[in-house]
Amino acid sequence: MAEQKVEARFVGQSVKRLEDPRLLTGRGAFMDELRVSNMLHAAILRSPHAHARIRGVDTAEALKVPGVRAVLTGEDVRRMSRPFSMAVQIPVRYYSLAVDKARFVGEPVAVVIAKDRYVAEDAADLVQVDYEPLPPVVDIEKAMEPGAPLLHEELGSNIANHRLLRYGDVDRAFSEADRIVRGTYHFPKYSSTPLEGFAVIANFDPITGLMTIWSNFQGPFIMHPVVSMALGVPEHKLRFIVPADNGGGFGIKSSIYPYMTLIALAARKAGCPVKWIEDRKEHLLASSSGTDRVAVVEAAVKRDGTILGVRMKNMDGVGGYLRTPEPACLFRTTGNSVGAYRYQHLEIDAYAVMANKSPTGPNRGYGCQQLYFGIERLVDQIAKELNLDPAEVRFQNLIRKEEMPYLTPSGGLYDSGDYPEGLRKALEMIEYDKLRQEQRRARAEGRLFGIGLATVVDPSVTNMAYITVANEPEERARPDYNFKAGSGETAAVKIDPLGKVSVALNTTPEGQGHETIAAMIVADELGIPMDDVQVLAEMDTATRVWSITTGTYSSRFASVGTSAVATAARKVKEKILKIAAHELEATVEDLDMREGKVFVRGSPGKAIPLKRIAGIAHWNQARLPEGMEPGLHATTMFNFPTAKPPDQQDRVNSSNTYGFIAEAVAVEVDPETGEIQIKKYVTVHDCGTILNPMIVEGQVYGGVVHGLGGALYEEMAYDENGQYLAATFMDYLCPTAMESPKLEIGHVVSPSPLTVLGSKGCGESSSMTTPAVIANAVEDALAPLGISINELPLTPDKIWRWIRAARERAGRGGAG
């Protein structure tokens, strides 16, 4: 297709979101508002034990309750379905319901189906489960020890996956180092807590064999064949419908598929549609979360701060089961494992460890939060041990603009960027030199004032191939190995007989403004008002063209979703111009399209309205150029040529576009309470072409606040018996608007050469940096007391205890 010059009237502007009027006036259509004829309701009975054998389930009393239709048990699930397929081949059977043992508190053990939720909940209390309690293990490192209680005896270990990845010559790098800097870092298990929890309605038609599942699933739609195989329903008989409105996902709703399967089985057993809406306690207890990680990281460095190589031992807690797509937590960052730095020698010793906690899955900043917490803390440790400024060490090691596109030793292909400029801008915005002077004054007054920095690469649009790095190269070399690779996304654009435009998205938006951005792009491409564009965001696998990579995750929309929309619009425009050229007796090259008309350049009076062109395409098809099919429509699946399988050295371009974030934060710690006050927060982003500055700003704020939760407040905590300690918002603290800092946001623009509009993802953004930059700032504040930060969240009581212990060590007595 010839390159088309487009006059951008909307792209790049802060256009108000089209979604907001309906959402702000209560007219959104969310899952709980959906109704299906003859619908029943489900309540799920969950295990009170972290680890217990299930010897029997007695449903007799529950079935006596008026209004109860059926009870689904583990035996039913074992008989009616198959275990879910996994990313790695291990002898672990994971069903939608516990069939032999409960392996975490909150694991579903039975489902009661009744005329309403009230009856179902009451009847669930009458289901009797005969448990044989077993010893639990909740600590990652203890779960790895010989003799630890086994969650899955068939495996013979709690280690679900282990890979040793080596790139470059790590041993040589460490032998040439002037110094080895080490650190051990503990990242917490925490979640996203979207406003709307999981929600599913399922209906099975025994006549057609069609299973229809409505849910607020966000993708990737690779889970469609996973559910298909578990249910034993052919893919063309399994229909997923996702409403246009989804009350937040942040990665968590990728993990709803076991409940989609469970409610589908409930519907099949009950013989009626069944609805289940997750309550907040269920969500905190048993939905999904990111992994907790213990990372042992060491760097080989020169005296000037140059990093020669890095070794990492990453131990991720994946919960009671290895739930697909895990162990992706360990491998999603493969291509960007060096972060924003230039070193070429890297070793990653990666372990996915099962323990008696809820299973994990994608969470905003998937894998990157954990990775960058370790790397960025270590960079500050390097500066500390070498008596260098943390900014100086970063400048010494950042990848340069002239090196772009940059190939990392682990296979990542960074498409564009000017990382030093991003850091320079952040330092200028926060007035770094003045801030250091202020810090010296504060310390002279006995105040605990600290400054933190973080510089990271922001990967977006994952290449599905990365998950196959979990398998050994020898296994991937087998002729029958089922490779996964690609990042494709689909969009469709059509023009109706009267000249109005519809755009169909498959991107399952969850509040990011996809409808607005799509309308802006199509309006620009076709030279029409945005009011003439209707965007359809509901996803239906039975009527849409889609692939396994379809969905909202990995900050995909701004890169691949928008590229699909723009490409589809350009295909339609190409046909419009051919029809207009035929009518105006001109060449396509002489035509332009603006203000709803196609006209000949230099002859504005020689024009034809889009409405008339649409009329010809639909109403007067005989008038079309010879050989042209009727209608005005195009469907495009956009993919990246960089999305390829890993090679035999485990190198893979695990994402397709790579942004950059530089952050600088100033904090003050109250030594008497341990409270952390954020004094200033600067965040600079390079997300390529900025499509809508207002929406980008909203994503940056969301990312910061999400990361702030993991840094200061949120942890899915368990006691040594595996009992969950944070099942309400009284115990699981989330930052609110009151705790959210005012941000100073800056941008560096390095358009991606791989996307149609030059844009990159920004949805996960600062969720990756905030935990690290806050930790760096707090350690800097506590440096006079000799306190090191190697774990999160940094709660006031934890900080207070550390300060008290430091004072006691110094012989100055305790606080408080």
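Nothing here was measured: the structure is a model prediction, and the numbers come from that model.

Draft legend 1. Quick peek at the packing of helix α16 (residues 514–526) against helix α17 (residues 557–584). Put simply, α16 and α17 touch, their axes get as near as 9 Å, and they point 30° apart. Between α16 and α17 the crossing geometry is right-handed. Residues H514, I517, A518, I521, V522, E525 and L526 of α16 form the contact with α17, whose participating residues are F557, T562, V565, A566, A569, R570, K573 and I576.

Draft legend 2. Spotlight on the domain arrangement of the chain. When cut into domains, the chain gives domain 1 (20–27 + 488–638), domain 2 (34–134 + 192–286) and domain 3 (373–462 + 651–815). The gap between the C-alpha centroids of domain 1 and domain 2 is 39 Å. If you look at the interface, domain 1 gives 20 residues, while domain 2 gives 21 residues. Summed over both partners, the interface of domain 1 with domain 2 comes to about 1,500 Å²; 53% of that surface belongs to carbon and sulfur atoms. At the junction of domain 1 and domain 2, the tally comes to two salt bridges. D245 is paired through a salt bridge with R22; the nearest N and O atoms lie 2.7 Å apart. Applying the counting criterion to the domain 1 and domain 2 interface returns ten residue pairs in polar contact (both at pLDDT 80 or more). Of all elements in the fold, only α1 (20–24) and β22 (539–540) reach the threshold of two or more residues within the side of domain 1 that touches domain 2. Tallied by class, residues from the side of domain 1 that touches domain 2 come to eight nonpolar, seven polar and five charged.

Draft legend 3. Region of the structure containing the side chain of D458. Position of D458 among the secondary structure elements: in strand β18 (residues 448–462). For the buried D458, which has no salt bridge, the nearest side chain bearing the opposite charge is R332, at an N-O separation of 5.9 Å. Here D458 is in contact with T657, Y658, G659, F660, I661, G761, C762, S765 and M768, once residues within four sequence places are set aside.

Draft legend 4. Spotlight on helix α7 (residues 223–231). With eight of nine residues buried, α7 lies mostly within the body of the structure. Every buried residue of α7 is listed here: M223, H224, P225, V226, V227, S228, A230 and L231. Those residues of α7 that are buried are in contact with α3 (74–80), β10 (210–215), β11 (238–242) and α8 (257–270). G232, located one to two residues past α7, shows a positive phi value of around 70°.

Draft legend 5. Region of the structure containing the nonpolar core. I213, I774 and V778 are the most contacted members of the largest nonpolar core, which has 187 residues in total. Two domains each put at least three residues into this core: domain 2 (34–134 + 192–286) and domain 3 (373–462 + 651–815). For I774, the contacting residues outside a window of four places in its chain are V665, I678, Y681, L708, A711 and L712. In terms of nonpolar packing, the next biggest core, distinct from the first, is built from 55 residues, L505, M520, A617 and L632 among them.

Draft legend 6. Representation of helix α13 (residues 419–430) in the model. Between the first and last C-alpha of α13 there are 17 Å, a value that for twelve residues agrees with the 16 Å anticipated at 1.5 Å per step. When α13 is considered as a whole, its buried residues turn out to be Y419, P420, G422, L423, A426, L427 and I430. Burial along α13 is one-sided: seen end-on, the buried residues are contained in an arc of 160°. Looking at the buried residues of α13, the elements they touch are α12 (390–397), β17 (413–414), α14 (432–444), β18, β27 (655–669) and β28 (676–686). You can read the cap of α13 off the contacts: a side-chain oxygen lies 3.3 Å from the backbone nitrogen of E421, and it is on D418.

Draft legend 7. A look at the sheet that holds strand β29 (residues 743–747). Read from one edge of the open sheet, four strands run β18-β27-β28-β29, paired in mixed fashion. Pairing within the sheet leaves two strands with one partner each, and these edge strands are β18 and β29. Between one strand axis and the next, the sheet turns by 20° as a mean value, whatever way the strands run. In this structure, β28 lies alongside β29, joined through five bridges in parallel fashion. Residue H685 lies in a different strand from β29, and its bridge partner there is H747.

Draft legend 8. Geometry of the packing of aromatic side chains. Under the defined criterion, the tally for this structure stands at 19 aromatic pairs. The interplanar angle of 50° and the centroid separation of 5.4 Å between the aromatic rings of F84 and Y94 together place this pair among those described as tilted. On the criterion of sequence distance, the pair formed by F84 in the loop between α3 and β4 (101–102) and Y94 in the loop between α3 and β4 is long-range, its members being ten residues apart. Accessibility expressed as a relative area gives 7% for Y94, which makes it buried. Taken together, the ring pairs in this structure connect Y406, Y414, Y419, Y658 and F660 into an aromatic cluster. Directly above the ring of F204 sits R268, whose terminal nitrogen or CZ lies 4.5 Å from the centroid. Lying over the aromatic face of F174, R311 brings its terminal NZ or CZ to 4.1 Å of the ring centre.

Draft legend 9. Focus on the pattern of salt bridges. One pass over the full model with this rule turns up 60 salt bridges. Residue R594 is joined to D592 by a salt bridge in which the shortest nitrogen-to-oxygen separation is 3.5 Å. Residue classification places R594 among the partly exposed positions, given a relative accessible area of 31%. With its nearest N and O atoms 3.7 Å apart, the salt bridge here joins E672 to R807. Taken as a pair, E672 in the loop between β27 and β28 and R807 in helix α21 (residues 796–809) lie far apart in primary sequence, 135 residues in all. Taken together, the shared-partner salt bridges in this structure form one network comprising R166, D171, R182, E298, R311 and E347.

Draft legend 10. Focus on the sheet that holds strand β2 (residues 52–58). Across the sheet, three strands lie side by side as β4-β2-β6; this open sheet has antiparallel pairing. Both outer strands of the open sheet, β4 and β6 (128–133), are each paired with one neighbouring strand and no more. In the sheet, β2 pairs with β4 via two bridges, with the strands oriented antiparallel. Bridge pairing in β4 places A52 opposite A102.

Draft legend 11. Quick peek at the environment of R556. Residue placement: R556 occurs in the loop between β22 and α17. Placed 122 residues apart in sequence, R556 and K434 show a C-alpha to C-alpha distance of 39 Å. R556 has contacts with V461, S487, G488, E489, T549, T550, G551 and G561, leaving out every residue within four places of it along the chain. A polar atom in the side chain of R556 sits 3.0 Å from the backbone oxygen of T549.

Draft legend 12. View of unusual backbone geometry. T324 connects to P325 through a cis peptide bond whose omega is 15°. Omega for the peptide link from M404 to P405 comes to -5°, which places this bond in the cis form. With respect to the secondary-structure elements, P405 resides in the loop between α12 and β16 (406–407). Positive phi, close to 55°, is recorded for E431, a residue that is not glycine. As for its placement among the helices and strands, E431 is situated in the loop between α13 and α14. Overall, the relative accessible area of 39% leaves E431 in the partly exposed class. Not every positive phi belongs to a glycine, and S765 is a case in point at roughly 35°. For S765, the position within the fold is in the loop between β29 and α20 (770–782). On the basis of relative accessible area, S765 is assigned to the buried category, the value being 0%.

Criteria and cut-off values
- Residues numbered from 1 in each chain as written.
- Predicted model: local features only at pLDDT ≥ 70, side-chain atom pairs only at ≥ 80, totals over all residues.
- Heavy atoms only, no water.
- Axes fitted to C-alpha atoms, helices over the stretch in contact; angles between N-to-C directions.
- Helix = DSSP H or I, 4+ residues; strand = E, 2+ residues; numbered from the N terminus.
- Left-handed = near helix turned anticlockwise from the far one by under 90°.
- Contact = heavy atoms within 4.5 Å.
- Domains from an automatic or database assignment.
- Buried area = accessible area lost by both parts, 1.4 Å probe.
- Salt bridge = Lys/Arg side-chain N within 4 Å of Asp/Glu carboxyl O.
- Polar contact = N/O pair within 3.5 Å; in protein donor to acceptor, adjacent residues only side chain to side chain.
- Nonpolar A, V, L, I, M, F, W, Y, C, P; charged D, E, K, R; others polar.
- Buried < 20%, exposed > 50% of the residue type's maximum accessible area, 1.4 Å probe, protein only.
- Lys, Arg positive; Asp, Glu negative; His and termini not counted.
- Core = buried A, V, L, I, M, F, W, Y, C linked by side-chain atoms within 4.5 Å.
- Expected span 1.5 Å × (residues − 1).
- Arc of directions from axis to C-beta.
- Pairing = 2+ DSSP bridges.
- Phe/Tyr/Trp six-rings, centres within 6.5 Å; stacked < 30°, edge-to-face > 60°.
- Lys NZ or Arg CZ within 6 Å of the ring centre and 35° of its normal.

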